[in-house]
Amino acid sequence: MAGTDHTHFNEPAGMAFMPDGSFYIADGYVNSRVIKFDKNGKFLLEWGTKGSGPGQFNLVHSVTIDANKRIYAADRNNNRVQVFHHDGSYVKQFVYEPATHGSGSTWDLALWPDKNEDYMVMVDGTNNEMRTIRTSDGAVMSTVGRSGRNAGQFHWVHNIAIDSRGTVYTTEVDNGKRIQKWTPTNGTPQR
């Protein structure tokens, strides 16, 4: 059952775990919030409302956590990544050029394995590309992919994951619902 209290969600889009087992949920399609629970599922805190100001969201689609317990949230329709302390307090944001259709440039995020958290990878399902982002300032270091249905191309690239060796996996919701595997070469994912 959909809802807005501490025991119900409304179209959540992603989650991430802390080392202690606590976890964050991007309850983003309708509720525009991030919620934190302890390892047993007990509510701890939440933040976010609908909007475009710091700490507000317009479809928070993904969350990921770095070694310093900072939370990176893909604020999809605001074309940005927002960064928060583990208690939900705002740190900074990285804003990206509006996507081809006006919004939706930050669909999912993943940090490189522990050896290199200076960079994260972001997928953009509207522009159909994957970007390597520097976490200190949000600068785009490289891009891979373009619109299409062939290998190495995307159509609504939706999610991303990186394994312990740095291999990147992407999923698409409208391209045969496929998974593509990318191997990093010189710090950039390559098909």
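Every value quoted in this text rests on a predicted model; they were computed, and no experiment measured them. (Residues numbered from 1 in each chain as written. Predicted model: local features only at pLDDT ≥ 70, side-chain atom pairs only at ≥ 80, totals over all residues. Heavy atoms only, no water.)

(A) Local environment of the confidence of the model for the protein. Here the protein averages 90 in pLDDT, and 94% of its residues register 70 or above. Confidence scores differ between elements of the protein, with strand 16 (residues 188–190) showing the lowest mean pLDDT of 57 and strand 3 (residues 33–37) the highest of 98. (pLDDT = per-residue confidence, 0-100. Helix = DSSP H or I, 4+ residues; strand = E, 2+ residues; numbered from the N terminus.)

(B) Structural detail: the pattern of salt bridges. Considering all chains together, one arrives at nine salt bridges under this definition. Note that R33 and D27 form a salt bridge whose closest N and O atoms lie 2.8 Å from each other. Of the two residues examined, R33 and D27, each falls in the buried class. If you follow the salt bridges from partner to partner, you end up with D27, R33 and E46 in one network. (Salt bridge = Lys/Arg side-chain N within 4 Å of Asp/Glu carboxyl O. Buried < 20%, exposed > 50% of the residue type's maximum accessible area, 1.4 Å probe, protein only.)

(C) Quick peek at the pairing of strand 6 (residues 71–75). The buried fraction of strand 6 is high, at five of five residues. Two strands pair when backbone bridges link them, and strand 5 (residues 60–65) and strand 6 are joined in this way by five bridges, in the antiparallel orientation. Pairing of S62 across the sheet is with A74, part of strand 6. With antiparallel pairing between neighbouring strands as the criterion, strand 5 and strand 6 make up a hairpin whose turn holds five residues, including K69 at a positive phi of roughly 65°. Pairing analysis gives five bridges linking strand 6 to strand 7 (residues 80–84), with the strands arranged antiparallel. The partner of Y72 across the bridge, within strand 7, is V83. The antiparallel pairing of strand 6 with strand 7 creates a hairpin that spans four residues between the two strands, and N79 there sits at a positive phi of about 55°. (Pairing = 2+ DSSP bridges.)

(D) Geometry of unusual backbone geometry. Within the chain, E11 stands out as a residue other than glycine whose phi angle is a positive 60°. Mapped onto the fold, E11 is located in the segment before strand 1 (14–17). Residue classification places E11 among the partly exposed positions, given a relative accessible area of 46%. For S32, which is not glycine, the phi dihedral falls at a positive 55°. Relative to the assigned elements, S32 resides in the loop between strand 2 (23–27) and strand 3.

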